[in-house]
Amino acid sequence: MAVTTTQTLRMVFKNAGGSNFTISLDNPRDNVTAAEIEAAMDLVISKNVFLTGGGALVAKQDVQIVDRTTNDLYDPA
């Protein structure tokens, strides 16, 4: 049995069609700041890095760092 903890950085953008578009990155740096993340999101928007089904990304919608703990309760013999 093992316990593992992982983190995921979720950056949510609004596209031209009004829908949300999420970019998820595993294991973000422990000391990453909100300002660094927002600057990266601004760069993604200004450089038109992604084109979604709803058009270009036009605005930042949300940023989250999600912590997930998994308790592995069974391992086969």
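Since the model is a prediction, treat every value here as computed from it, not as a measurement.

A.B. asks: Would you explain the overall build of the chain in this entry?
C.D. replies: Helices and strands together make up the secondary structure of the chain, namely one helix and four strands. The C-alpha radius of gyration of the chain comes to 16 Å, more than 25% above the 11 Å expected for a compact globule of 77 residues. Reported as C-alpha extents along the three principal axes, the dimensions of the chain are approximately 50 × 30 × 15 Å. Counting every position in the chain, which comprises 77 residues, the buried fraction comes to 19%. Carbon together with sulfur atoms contributes 53% to the accessible area of the chain, which is approximately 5,400 Å² in total. Charged side chains in the chain number 6 positive and 9 negative. The centres of these two groups are separated by 10 Å.

A.B. asks: I keep staring at the packing of aromatic side chains and nothing clicks. Help me out?
C.D. replies: When we look at a pair of aromatic rings, we describe it by the centre distance and by the angle of the planes. Evaluation of the coordinates by the stated rule reveals one aromatic pair. With centroids separated by 5.7 Å and ring planes inclined at 45°, the aromatic side chains of F21 and F50 adopt a geometry described as tilted. Taken as a pair, F21 in strand 2 (residues 20–26) and F50 in the loop between helix 1 (34–46) and strand 3 (51–52) lie far apart in primary sequence, 29 residues in all. F21 sits in the partly exposed class, given a relative accessible area of 24%. Looking at F50, the relative accessible area reads 33%, which means it is partly exposed.

A.B. asks: Mind showing me how you'd approach the environment of E38 here?
C.D. replies: Structurally, the position occupied by E38 is in helix 1. Spatially, the C-alpha atoms of E38 and F13 are 11 Å apart, while their sequence positions differ by 25 residues.

A.B. asks: Help me understand the side chain of T52 in this model?
C.D. replies: The residue T52 is located in strand 3 in this model. Reaching out from T52, the side chain makes a polar contact with the side chain of N15 at a distance of 3.0 Å. Polar contacts involving the side chain of T52 include one to the main-chain carbonyl oxygen of G55, which spans 2.6 Å. Excluding its chain neighbours within four sequence positions, the residues that come into contact with T52 are N15, F21 and L57.

Conventions used here
- Residues numbered from 1 in each chain as written.
- Predicted model: local features only at pLDDT ≥ 70, side-chain atom pairs only at ≥ 80, totals over all residues.
- Heavy atoms only, no water.
- Helix = DSSP H or I, 4+ residues; strand = E, 2+ residues; numbered from the N terminus.
- Rg over C-alpha atoms; globule rule 2.2 N^0.38 Å.
- Buried < 20%, exposed > 50% of the residue type's maximum accessible area, 1.4 Å probe, protein only.
- Areas by Shrake-Rupley, 256 points an atom, 1.4 Å probe, with all protein chains shown as cover.
- Lys, Arg positive; Asp, Glu negative; His and termini not counted.
- Charge placed at Lys NZ, Arg CZ, Asp CG, Glu CD.
- Phe/Tyr/Trp six-rings, centres within 6.5 Å; stacked < 30°, edge-to-face > 60°.
- Polar contact = N/O pair within 3.5 Å; in protein donor to acceptor, adjacent residues only side chain to side chain.
- Contact = heavy atoms within 4.5 Å.

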